[in-house]
Amino acid sequence: MRLKTLHITQLFMFRQTAFGIAFSALVLASGLTSSPVPGHTTKKNSDHQPLSIGSSQVALSPTTTFKTTALEKSVFDQINRYRVSKGLSKLTLNANITRQARIHSQNMANGKVLFSHKGFEKRVNSVPIKYKSAAENVAFNQGYSDPASQAMTGWINSPGHLKNIKGKYNLTGIGVAANSEGEVYLTQIFISNK
């Protein structure tokens, strides 16, 4: 197992995990929060669309196959269970935010971009929602039968990621993608439009 963050790398057996966090617009590597962008407006009736974007199957090994949308739902459910357990309101899943999270995860899985938050502000500004603040958590793992729970465990145990999870956000989008090497990339974008 290899455990990796943007700042620290530890090597173990054959599994690997990496986490990234974004929550401050000034320091991309350690976090990213964005304020509203002048002229950025919300499309009517599009903020809370049900999520009905297609799913793909990913083979982690000859014996492990899963649907990426099932992993996205698992992350969403785990995040909301955690928030409720801490007395926080549940997040609402948003199709437009999820689309941007999926694109980022797919780009990392395909090697188009490095495992990072590069382009975070562009992703958030591509969502047709007027927002007050935004944040992003990313994770990477390989060799786990439940990549969603592995990412959640890492995020909960990381102060910066946890700050995003517990933040004053009301909307979220989650994207999961994997490549032929069985590397699973997870992106969660948080937005407050209240």
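Quick caveat: nothing in here was measured; it's all calculated off a predicted structure. Starting from 1, residues in each chain are numbered consecutively following that chain's sequence as written. Restriction of local features to residues with pLDDT of at least 70 applies here, the model being predicted, together with a cutoff of 80 or more for giving and counting side-chain atom pairs; totals for whole chains, interfaces and linings are based on all residues. As a convention, hydrogens and water are excluded, and side-chain values are obtained from all of the structure's heavy atoms.

Visitor: Would you take a moment to explain the pairing of strand 9 (residues 183-192) for this structure?
Guide: In regular strands, side chains alternate between the two faces of the sheet. Only protein chains enter the accessibility calculation, which uses a 1.4 Å probe. A residue is then buried if its area is under 20% of the maximum for its type, exposed if over 50%, and partly exposed in between. Numbering of helices and strands runs from the N terminus; a helix is a DSSP stretch of H or I covering at least four residues, while a strand is a stretch of E covering at least two. For strand 9, the buried fraction is high: 10 of the 10 residues fall into the buried class. Here strand 9 shows a buried face lined by Glu-183, Tyr-185, Thr-187, Ile-189 and Ile-191 and a second buried face lined by Val-184, Leu-186, Gln-188, Phe-190 and Ser-192. Two strands make a pair as long as DSSP finds a minimum of two bridges between them. Of the pairings in the sheet, the one linking strand 7 (residues 133-142) to strand 9 comprises 10 bridges and is antiparallel in character. Bridge assignment links Asn-137 to a residue of strand 9, and that residue is Gln-188. Two strands pair when backbone bridges link them, and strand 8 (residues 171-178) and strand 9 are joined in this way by eight bridges, in the antiparallel orientation. Counterpart to Gly-175 in the pairing with strand 9 is Thr-187. Taking the residues between adjacent antiparallel strands as the criterion, strand 8 and strand 9 are bridged by four residues, where Gly-182 takes a positive phi near 80°.

Visitor: I tried to follow the packing of aromatic side chains on my own but got confused; where do I start?
Guide: Think of a pair of aromatic rings as described by two things: how far the centres are apart, and how the planes are tilted against each other in angle. Two aromatic rings from Phe, Tyr or Trp, using only the six-membered ring of Trp, form a pair when their centres are within 6.5 Å; if the ring planes differ by under 30 degrees the pair is stacked, by over 60 it is edge-to-face, and anything between is tilted. Applying the stated rule across the entire model yields four aromatic pairs. On the numbers, 6.5 Å between centres and 50° between planes, the contact of Phe-115 with Tyr-185 is tilted. With a gap of 70 residues between them, Phe-115 in the loop between helix 2 (95-109) and helix 3 (120-126) and Tyr-185 in strand 9 connect regions that are remote in the sequence. Tyr-185 matches Phe-115 in its accessibility class, with the two residues each being buried. With 5.7 Å between their ring centres and 40° between their planes, Tyr-169 and Phe-190 make a pair best called tilted. Placement of the pair is Tyr-169 in the loop between helix 5 (159-165) and strand 8 and Phe-190 in strand 9, with a sequence separation of 21 residues. By way of ring pairs, the aromatic residues Phe-115, Phe-140 and Tyr-185 are connected into one cluster.

In short, geometric facts, not functional conclusions.
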